[in-house]
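# Reading the structure
Here's the letter readout for the chains.
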Amino acid sequence: MCVIETSPVVETRRLVLRAPAPQDAPRIAALANDIDIARMTKRMPHPFHVKHAEDFVVQVAAQDPARASTFVIEHEDQGPVGVIGLFEGEDRVPETGYWIGREFWGRGFATEALEGALVWASRKWRRRALVAGHFADNPASGRVLEKAGFLYTGETRRAFSLARRADADTRMMVWMA
Ligand SMILES: CC(C)(COP(=O)(O)OP(=O)(O)OC[C@H]1O[C@@H](n2cnc3c(N)ncnc32)[C@H](O)[C@@H]1OP(=O)(O)O)[C@@H](O)C(=O)NCCC(=O)NCCS
């Protein structure tokens, strides 16, 4: 039997992945209000105001936990450093996406959070595969996905980026449990 957790918590070596709370909104907005983050994602607006973060917290609370989970990535000393989501999208297998605040780049947090999320996805969410796409001009995210065990499918899609107000080439990757 698969018991769906309504508010899962994932612990890794340095990080805790947990549901966003209303009090996280100012911090999320401060980290997310960065064009170099938003333009690497499909859906993040720019500028990213506290109201956007408040709406994000409400949207996450309304997610069907069988179909999606979105986590704040919280560092043991630094507090929230980013966000990671796993959700059913346009593909048969669910998709993952994430961002880390600029001041925390290059410390392995995205990789550690993604690896923790993958363990959770296979053991608790009972998913056997996930897809992810990164924009072709975002090799850092491709590297994160590779380090976490994703492989390139060879497919490149055009995907719309809200912050770019344009489509961009998106290199598709897949992970299997
Ligand atoms: C991409 C992002 C999530 C990486 O977060 P992070 O915590 O710095 O990632 P990590 O430290 O775990 O790993 C980054 C890897 O990318 C590599 N990297 C960084 N810049 C790179 C570049 N320009 N080209 C190739 N590799 C690069 C790093 O060297 C590191 O790999 P290594 O461990 O083999 O040296 C972060 O930069 C971010 O949030 N960017 C904006 C939003 C985004 O891109 N989200 C993902 C959308 S698909």
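Residues numbered from 1 in each chain as written. Predicted model: local features only at pLDDT ≥ 70, side-chain atom pairs only at ≥ 80, totals over all residues. Heavy atoms only, no water.

Where an unreviewed UniProt entry is consulted, the chain appears under the name GNAT family N-acetyltransferase, with the organism given as Brevundimonas albigilva.

### Let's talk about the pairing of strand β5 (residues 95-100)
The buried count for β5 comes to five of six residues, which makes it a mostly enclosed element. As paired strands, strand β4 (residues 79-87) and β5 are joined by six bridges and run antiparallel to one another. Note on β5: the bridge partner recorded for V83 is W99. (Buried < 20%, exposed > 50% of the residue type's maximum accessible area, 1.4 Å probe, protein only. Helix = DSSP H or I, 4+ residues; strand = E, 2+ residues; numbered from the N terminus. Pairing = 2+ DSSP bridges.)

### Let's talk about the packing of helix α1 (residues 25-32) against helix α3 (residues 50-61)
In the contact formed by α1 and α3, the axes pass within 8 Å of each other and the chain directions differ by 120 degrees. One finds that α1 runs oblique with respect to α3. Of the two elements, α1 crosses α3, and the hand of that crossing is right-handed. Residues A25, P26, I28 and A29 of α1 pack against V50, A53, E54 and F56 of α3. In terms of residue class, the contact of α1 with α3 is made up of seven nonpolar, no polar and one charged. (Axes fitted to C-alpha atoms, helices over the stretch in contact; angles between N-to-C directions. Parallel < 35°, antiparallel > 145°, perpendicular 65-115°, else oblique. Left-handed = near helix turned anticlockwise from the far one by under 90°. Contact = heavy atoms within 4.5 Å. Nonpolar A, V, L, I, M, F, W, Y, C, P; charged D, E, K, R; others polar.)

### Notes on the UniProt feature "domain: N-acetyltransferase" (unreviewed entry) in the chain
The UniProt feature table records "domain: N-acetyltransferase" (unreviewed entry) at residues 15-177. Counted over residues 15-177, helix gives 29% and strand 34%. Its end C-alpha atoms are 22 Å apart. (UniProt positions renumbered as here; feature names shortened; annotations may be inferred.)

### A short note on the nonpolar core
Core analysis: the largest hydrophobic core is formed by 45 residues, its most contacted members being L114 and F150. By residue number, the principal contributor to this core is helix α4 (residues 109-123), which donates eight residues. In this structure F150 touches T96, L114, L118, L130, V131, A132, L145, M173, V174 and W175, once residues within four positions along its chain are discounted. (Core = buried A, V, L, I, M, F, W, Y, C linked by side-chain atoms within 4.5 Å.)

### Considering the site of the ligand
By nearness alone, 22 residues border the ligand, and G106, T111, N138, R143 and K147 come closest of all. Measuring from a nitrogen atom of the ligand, one finds a backbone N or O atom of Y98 at 2.7 Å. Separating an oxygen atom of the ligand from a backbone N or O atom of I100 is a distance of 2.8 Å. Notes on the ligand: free accessible area 970 Å², of which the protein chains cover 71%. (Near = heavy atom within 4 Å. Polar contact = N/O pair within 3.5 Å; in protein donor to acceptor, adjacent residues only side chain to side chain. Areas by Shrake-Rupley, 256 points an atom, 1.4 Å probe, with all protein chains shown as cover.)

### Examining the packing of aromatic side chains
Throughout the structure, instances matching the rule amount to three aromatic pairs. Seen from their ring centres, F71 and W120 are 5.5 Å apart, and the 80 degrees between their planes marks the pair as edge-to-face. Here W120 lies in helix α4 and F71 lies in strand β3 (residues 68-75), a separation of 49 residues in the sequence. Measuring from ring centre to ring centre gives 5.5 Å for W120 and W125, while their planes differ by 20 degrees; the resulting arrangement is stacked. (Phe/Tyr/Trp six-rings, centres within 6.5 Å; stacked < 30°, edge-to-face > 60°.)

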